[in-house]
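# A look at the structure
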Amino acid sequence: MSARKKNILSAVVASMVVIGSLPARASIFDDPSNLRILAEDISAAELRTTMRSFAEGTGSRCSACHVGKIEADLSSYDFALDEKEKKLKAREMIKLVRNINEQIATAFADTGQPLVEVTCATCHRGQEKPEMIEDILQRSVESDGLDAAIAQYRDLRERYHGSYTFDFSERVLMRLAEFYGVNGDYDAALGFIDLNLEFFPRSSRTYVLRAQVLAETDDIAGARRDYERALELEPESAWIKQQLAELD
Ligand code: HEC
Ligand code: HEC
């Protein structure tokens with residue numbers, strides 16, 4: 001099987017996990033009676049694809065926007081009802097996506113290249129609200145403290161690592177640590193740095209960052225130890241050598 005076919009297959013399997021199995025006959029999509037934004041004469045197949053992309057893109061089940069029980073058969077849902085706030089918000093979002101794509105089409109008409117189409121997934125990446133992990137953690141520090149934020153990072157990593165929802169690369173916790181370091185909250189800075197070293201134990205840049213924070217707190221011995229570790233990982237770095245020399 002080609003790689004491409006495998007990708008399509010796994011996308012279909014993933015979609016079944018999110019939205020549950022759809023009935024073999026696409027009957028629920030046949031006679032929409034309350035489309036305000038989508039074309040009223042949309043085909044059942046296209047409406048089905050559109051709804052799947054809404055559900056997958058925003059990591060939601062049909063019942064997030066439609067009236068019906070998660071565990072119940074979709075044929076018992078009343079999709080035409082406008083009772084859920086999220087459905088109303090989703091209507092605004094359909095308009096937003098259209099506007100964005102129109103603006104892109106206008107702005108890039110002269111390139112003669114195929115246009116990139118923005119979809120729900122472009123922003124949402126499988127989340128109900130498209131948030132960046134650093135913003136979530138920062139809020140968590142403010143409301144519940146550093147330990148809670150660290151526990152939350154572990155939990156999110158457990159659940160989302162390998163998905164497209166959050167970035168778990170080396171830079172993210174460093175950016176957070178830099179933010180707290182600059183603002184003088186050295187406990188938070190060191191907390192996120194230690195967490196990063198747990199997942200990236202060979203990150204010389206994280207050791208350098210910890211050395212900088214420790215130097216700010218006048219822990220010169222600690223700073224030296226971390227610059228030395230960074231240098232072991234990156235022996236060619238003239239810059240780290242210079243930082244070490246400047247400590248003396
Ligand atoms: C993020 C919100 C959202 C999710 C999730 C969602 N929908 Fe929808 N759905 C909408 C909106 C908004 C409309 C109305 C669009 C319009 O007014 O043009 C709609 C319309 C429909 C309609 C047409 C109803 C009618 O009679 O007018 C059907 C059928 C439908 N959705 C099925 C589904 C199914 C099945 C799922 C799960 C796979 C799903 N939807 C997931 C937001 C959502
Ligand atoms: C350009 C980026 C962007 C795109 C594209 C986008 N959204 Fe959103 N959406 C957002 C942002 C940002 C929020 C959060 C607003 C807030 O609460 O601050 C949001 C919120 C929502 C919410 C409310 C979530 C909640 O829990 O309150 C729904 C529902 C939603 N979007 C559905 C959609 C659907 C369906 C699509 C595709 C048709 C879509 N969005 C496309 C940026 C986007």
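Description of the structure in this document. The written sequence of each chain sets the order in which its residues are numbered from 1. Chains and ligands are labelled sequentially in the order written, the chains with letters from A and the ligands with numbers from 1. Since the coordinates come from a predicted model, pLDDT governs what is reported: local features require at least 70, and pairs of side-chain atoms require 80 or more to be given and counted, while whole-chain, interface and lining totals use all residues. With hydrogens and water excluded, all non-hydrogen atoms of the structure serve as input to the side-chain values.

To continue, consider the packing of helix H8 (residues 170–182) against helix H9 (residues 186–199). Where H8 meets H9, the axes come as close as 7 Å, and the angle between the chain directions of the two elements is 165°. Taken together, the axis directions place H8 and H9 in an arrangement best described as roughly antiparallel. Both H8 and H9 take part in a crossing whose hand is left-handed. Here Glu 170, Leu 173, Met 174, Leu 176, Ala 177, Tyr 180 and Gly 181 of H8 come into contact with H9, specifically with Tyr 186, Ala 188, Ala 189, Phe 192, Ile 193, Leu 195 and Asn 196. We call Asp, Glu, Lys and Arg charged. Ala, Val, Leu, Ile, Met, Phe, Trp, Tyr, Cys and Pro are nonpolar, and the rest, Gly among them, are polar. Taken together, the residues of the contact of H8 with H9 sort by class into 11 nonpolar, two polar and one charged. Only C-alpha atoms enter the line fits that serve as axes; for helices the fit covers just the stretch in contact. Angles between N-to-C directions range over 0 to 180 degrees. Helix numbering and strand numbering both begin at the N terminus, where a helix is a DSSP run of H or I of at least 4 residues and a strand a DSSP run of E of at least 2. Working definition: roughly parallel below 35 degrees, roughly antiparallel above 145 degrees, roughly perpendicular at 65 to 115 degrees, and oblique for all remaining angles. By definition, turning the near helix anticlockwise from the far helix through less than a right angle yields a left-handed crossing, and turning it clockwise yields a right-handed one. Between two residues, a contact is recorded if the distance between any of their heavy atoms is within 4.5 Å.

Here we take up the coordination of the iron atom of ligand 2. For Na, K and Ca the donor cutoff is 3.2 Å, while for all other metals N, O and S atoms must lie within 2.8 Å; water is not among the atoms, so some sites may look incomplete. Within the protein, the iron atom of ligand 2 binds to Met 93 (SD) and His 124 (NE2); these donor distances fall in the range 2.1 to 2.5 Å. According to the relative accessible area criterion, His 124 is buried, its value standing at 11%. Using a 1.4 Å probe on the protein chains alone, a residue whose accessible area is under 20% of its type maximum counts as buried, one over 50% counts as exposed, and one in between counts as partly exposed.

The next thing to look at is the side chain of Arg 125. Position of Arg 125 relative to the elements: it lies in the loop between helix H5 (120–124) and helix H6 (133–144). Here the positive residues are Lys and Arg and the negative ones are Asp and Glu; neither His nor the chain ends is included. What counts as a salt bridge is simple: a side-chain nitrogen of Lys or Arg found within 4 Å of a carboxyl oxygen of Asp or Glu. Although buried, Arg 125 forms no salt bridge, and the nearest oppositely charged side chain, Glu 134, lies 7.7 Å from it. There is a polar contact of 3.1 Å between the side chain of Arg 125 and the backbone oxygen of Glu 131. Contact partners of Arg 125, with chain neighbours within four places excluded, come to Gly 57, Cys 120, Glu 131, Met 132, Tyr 164 and Thr 165. Identification of polar contacts relies on pairs of N or O atoms within 3.5 Å, with a donor-acceptor requirement for protein atoms, meaning one able to donate a hydrogen and the other able to accept it, and with residues adjacent in sequence counted only if both atoms are side-chain atoms.

What follows is about unusual backbone geometry. Peptide bonds are trans in most cases, and residues, glycine excluded, mostly fall at negative phi. Positive phi is not limited to glycine here, since Arg 125 has a value of about 45°. The class of Arg 125 is buried, set by a relative accessible area of 18%. The backbone of Asp 218 sits at a positive phi, close to 65°, despite the residue not being glycine. Its relative accessible area of 66% is what places Asp 218 among the exposed residues.

With that out of the way, let us pick up the packing of aromatic side chains. For Phe, Tyr and Trp, where Trp contributes only its six-membered ring, two rings pair if their centres lie within 6.5 Å, and the inter-plane angle classes them as stacked under 30 degrees, edge-to-face over 60, or tilted in between. Evaluated as defined, the whole model comprises seven aromatic pairs. Ring centres 5.9 Å apart and planes at 55° place the aromatic pair Tyr 153 and Phe 199 in the tilted group. Pair noted here: Tyr 153 is in helix H7 (residues 146–160) and Phe 199 is in helix H9, with a separation of 46 residues, a long-range link. A relative accessible area of 24% places Phe 199 in the partly exposed class. Site record: aromatic cluster; members linked through ring pairs are Tyr 153, Tyr 160, Phe 166, Phe 168 and Phe 199.

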